[in-house]
Amino acid sequence: MNNTQRRKVNEEIYNHEFLSEKFEGDFLKGLLYRIRNYAGKPMRKLVESKGSNYLQVHIAPGITMSAHRILYNLYHGEYPKDQIDHWNTCKLDNSISNLVPTSQTENMRNLPVSAKNITGFSGIHLSPNGKSFKVQIGIGRGKRIYLGTFSTLEEACEVRWTAAKLHGYRNG
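Attention here is on the structure that accompanies the text. (Residues numbered from 1 in each chain as written. Predicted model: local features only at pLDDT ≥ 70, side-chain atom pairs only at ≥ 80, totals over all residues. Heavy atoms only, no water.)

### Some remarks on the side chain of Ser95
Part 1 of the argument: As for its position among the elements, Ser95 is in the loop between strand S6 (83–86) and strand S7 (99–102).
Part 2 of the argument: By relative accessible area, Ser95 is classed as buried at 8%.
Part 3 of the argument: For Ser95, the residues in contact, after removing those within four places along its chain, are Phe27, Leu28, Lys29 and Gly30. (Helix = DSSP H or I, 4+ residues; strand = E, 2+ residues; numbered from the N terminus. Buried < 20%, exposed > 50% of the residue type's maximum accessible area, 1.4 Å probe, protein only. Contact = heavy atoms within 4.5 Å.)

### A few points about the environment of Tyr54
Part 1 of the argument: Structurally, the position occupied by Tyr54 is in the loop between strand S3 (42–46) and strand S4 (56–60).
Part 2 of the argument: Measuring from C-alpha to C-alpha, the distance between Tyr54 and Arg44 comes to 21 Å, with ten residues separating the pair along the chain.
Part 3 of the argument: Among residues more than four places away in sequence, those in contact with Tyr54 are His68, His86 and Lys91.

### Quick look at the nonpolar core
Nonpolar side chains tend to gather and get buried jointly when the protein is soluble and globular.
Part 1 of the argument: Counting 17 residues, the largest nonpolar core has Tyr14, Leu19, Phe23, Leu32, Val57, Ile59 and Ile70 as its most contacted members.
Part 2 of the argument: The set of elements that each furnish at least two residues to this core consists of helix H2 (16–22), S4, strand S5 (63–66) and helix H3 (67–76).
Part 3 of the argument: The biggest single contributor to this core is H3, with four residues.
Part 4 of the argument: The contact partners of Leu19, leaving out residues within four places of it in the chain, are Tyr14, Ile59, Ile70, Asn73, Leu74 and Tyr79.
Part 5 of the argument: Membership of the second largest hydrophobic core comes to five residues, among which are Phe133, Val135, Phe150 and Ala156. (Core = buried A, V, L, I, M, F, W, Y, C linked by side-chain atoms within 4.5 Å.)

### Observations concerning H3
Part 1 of the argument: Along H3, eight of the ten residues are buried, which leaves the element largely enclosed by surrounding structure.
Part 2 of the argument: Listed as buried for H3 are Ala67, His68, Arg69, Ile70, Leu71, Tyr72, Asn73 and Leu74.
Part 3 of the argument: Looking one or two residues past H3, Gly77 carries a phi angle of roughly 85°, positive in sign.

### Digging into the pairing of S3
Part 1 of the argument: Among the five residues that make up S3, zero are buried, leaving the element largely open to the surroundings.
Part 2 of the argument: Turn length for the strand S2 (residues 31–36)-S3 hairpin, with the two strands adjacent in sequence and antiparallel, is five residues, and the turn residue Gly40 shows positive phi of about 90°. (Pairing = 2+ DSSP bridges.)

Here you go:
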């Protein structure tokens, strides 16, 4: 069973009714509180992150779920059909206004620029000769379109931004 299948099974078992008995959320601040322990005893404890990645929460012995999926479910009464995107790309900002249901393709379009990218712009890379900029854009399912090579970063950015808007990217 792959991760997506496992998540779907867990979401059927650990549904809105189950989650609302164990957790409550501060939806404006994106905070999740555990209100009952595994044995069902009342408590109120803030679920906190221990790193810079998605906050994972133990919802039952041996079962974890992302806090943003729990908060989304508590607020909307159901899980999204596919994925949840953090609109501002901050994985720890679980405020309900930052959680947007999305497809895998749309979610991949909102990735931050890679630390390896020295231009600072997604889809724009310095050519091996170091004098021009190659531009490309992903259009889903691993497909990329080569948009050309440009002598200035400004030209490259303009072409990439135009293509991004044409292909449904929100952040260029």
